[in-house]
Amino acid sequence: MTNSKSNIFFNTLLLSLFLLSPPAFGDSNNAFLSYTCSSFDNYTTNTPYASNLQQAFYQLTSTAPPSGFGLRSIGNDLQNQVNALALCRGDVSPDDCKNCIAMASNNIQQQCPDKKGASIWYDFCLLKYSNTKFFGKIDNGVRLYMWNVQEAENPAMFNEQVKNLLTSLVEKVEVTPKLYVIGEKEIEGSKMLYGLVQCTRDLSSDACKKCLNDAVAEIPNCCDAKIGGRVIGGSCNFRYEIYPIVDAQK
């Protein structure tokens, strides 16, 4: 897998993901995916913004893991206010969630030093922050495409089955408290197709569905006829594979 840096000028970031065999579940599956420095504004050390950012990271590491999601706005002065969000994959344990958020908060400061806005993705979690209030809004700034290099034997039929599975999961997501759904579908007789959809929980159910439907519409651009693929953004993501994606699907 290759990793790349992008910024808000790049609406889409393309990444090739080689998934020729099922991964092992557990800590080793918490892969680093990518990051983006989403602001041109800088802060300096020993300033209110720097202090507020550290406080936001600390609070999210402590408060988000029990439920897998957290929001924080730190600082009364709007000029130095930090708005931060952490989301863990819906099946991840509180301990793995906490470890992922802690790792993400350290890594994003190395990748985007002194930037007032950034996002970072791991397989287990998403962490993002900004000096502007973004809660409740669909983040269309960056979209990551990842796919398996292997192609389906019957591309047209496989594409239709992928779309049907993901669409059915999107329809269910609004009635789930975590805005997270996994599912599976039998294809080509005895084969199985597995899917996952998730949104950040600051979104309304309608906004979540719109975010996911827009992402699913990107399948022809992302992973046409590929036996595995995912689209990841700042507000929602989906993934499909021909093997179980999370431990609960084994």
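In this text, all values refer to a predicted model and were calculated from it rather than measured experimentally. (Residues numbered from 1 in each chain as written. Predicted model: local features only at pLDDT ≥ 70, side-chain atom pairs only at ≥ 80, totals over all residues. Heavy atoms only, no water.)

Colleague: Describe in detail the pairing of strand E9 (residues 180-187), supporting the description with residues and values.
Modeller: Both E9 and strand E10 (residues 191-199) contribute to a ladder of eight bridges, which runs antiparallel. The residue bridging Tyr 180 from the neighbouring strand is Gln 198, located in E10. Between E9 and the antiparallel strand that follows it, E10, lie three residues; Glu 188 among them carries a positive phi value of about 50 degrees. (Pairing = 2+ DSSP bridges. Helix = DSSP H or I, 4+ residues; strand = E, 2+ residues; numbered from the N terminus.)

Colleague: Requested: an account of the state of the cysteines, with residues and values cited.
Modeller: Evaluation of the coordinates by the stated rule reveals six disulfides. The partner cysteine of Cys 100 in its disulfide is Cys 125, sulfur to sulfur 2.1 Å. Residues Cys 100 and Cys 125 are joined through a disulfide that is left-handed, its torsion about the S-S bond being -80 degrees. Note that Cys 100 is positioned in helix H2 (residues 94-111) and Cys 125 in strand E7 (residues 125-130), a separation of 25 residues in sequence. (Disulfide = S-S within 2.5 Å.)

Colleague: Describe the packing of helix H1 (residues 48-63) against H2, and please don't skip the residues or the numbers.
Modeller: Packing of H1 against H2 brings their axes to within 9 Å, and their N-to-C directions diverge by 165 degrees. In terms of orientation, H1 and H2 fall into the roughly antiparallel class. The hand of the H1/H2 crossing is right-handed. Judged by residue contacts, Gln 54, Phe 57, Leu 60 and Thr 61 of H1 engage Lys 98, Ile 101, Ala 102, Ser 105, Ile 108 and Gln 109 from H2. Looking at side-chain class alone, the contact of H1 with H2 contains five nonpolar, four polar and one charged residues. (Axes fitted to C-alpha atoms, helices over the stretch in contact; angles between N-to-C directions. Parallel < 35°, antiparallel > 145°, perpendicular 65-115°, else oblique. Left-handed = near helix turned anticlockwise from the far one by under 90°. Contact = heavy atoms within 4.5 Å. Nonpolar A, V, L, I, M, F, W, Y, C, P; charged D, E, K, R; others polar.)

Colleague: Now, about the environment of Ser 93: what can you tell me, with residues and values included?
Modeller: With respect to the helices and strands, the residue Ser 93 is situated in the loop between strand E5 (82-88) and H2. With relative accessibility at 32%, the residue Ser 93 sits in the partly exposed group. When the C-alpha positions of Ser 93 and Phe 124 are compared, they lie 9.5 Å apart, and in sequence the two are 31 residues distant. (Buried < 20%, exposed > 50% of the residue type's maximum accessible area, 1.4 Å probe, protein only.)

Colleague: Which residues make up the pattern of salt bridges, and what values do they have?
Modeller: All chains considered together, the criterion is met by eleven salt bridges. In this structure, Arg 230 and Asp 123 form a salt bridge, with 2.8 Å as the shortest nitrogen-oxygen distance. Placement of the pair is Arg 230 in strand E11 (residues 229-233) and Asp 123 in the loop between strand E6 (118-122) and E7, with a sequence separation of 107 residues. When its relative accessible area of 8% is taken as the criterion, Arg 230 is described as buried. (Salt bridge = Lys/Arg side-chain N within 4 Å of Asp/Glu carboxyl O.)

Colleague: Describe in detail the packing of aromatic side chains, supporting the description with residues and values.
Modeller: In total, this model carries six aromatic pairs according to the counting rule given. Residues Tyr 43 and Tyr 49 carry aromatic rings whose centres are separated by 5.3 Å and whose planes lie at 40 degrees to one another, so their mutual orientation is tilted. Across the pair, Tyr 49 and Tyr 43 agree in class, each one buried. Looking at Lys 116, its charged tip hangs above the ring of Tyr 49, at a distance of 5.0 Å from the centre. (Phe/Tyr/Trp six-rings, centres within 6.5 Å; stacked < 30°, edge-to-face > 60°. Lys NZ or Arg CZ within 6 Å of the ring centre and 35° of its normal.)

Colleague: Can you break down the environment of Ala 56 residue by residue, with the values?
Modeller: Mapped onto the elements, Ala 56 comes out in helix H1. When the C-alpha atoms of Ala 56 and Leu 71 are compared, they prove to be 8.8 Å apart, with 15 residues separating the residues in sequence. Apart from the residues within four sequence positions on either side, Ala 56 is in contact with Ile 74, Val 82 and Ala 84.

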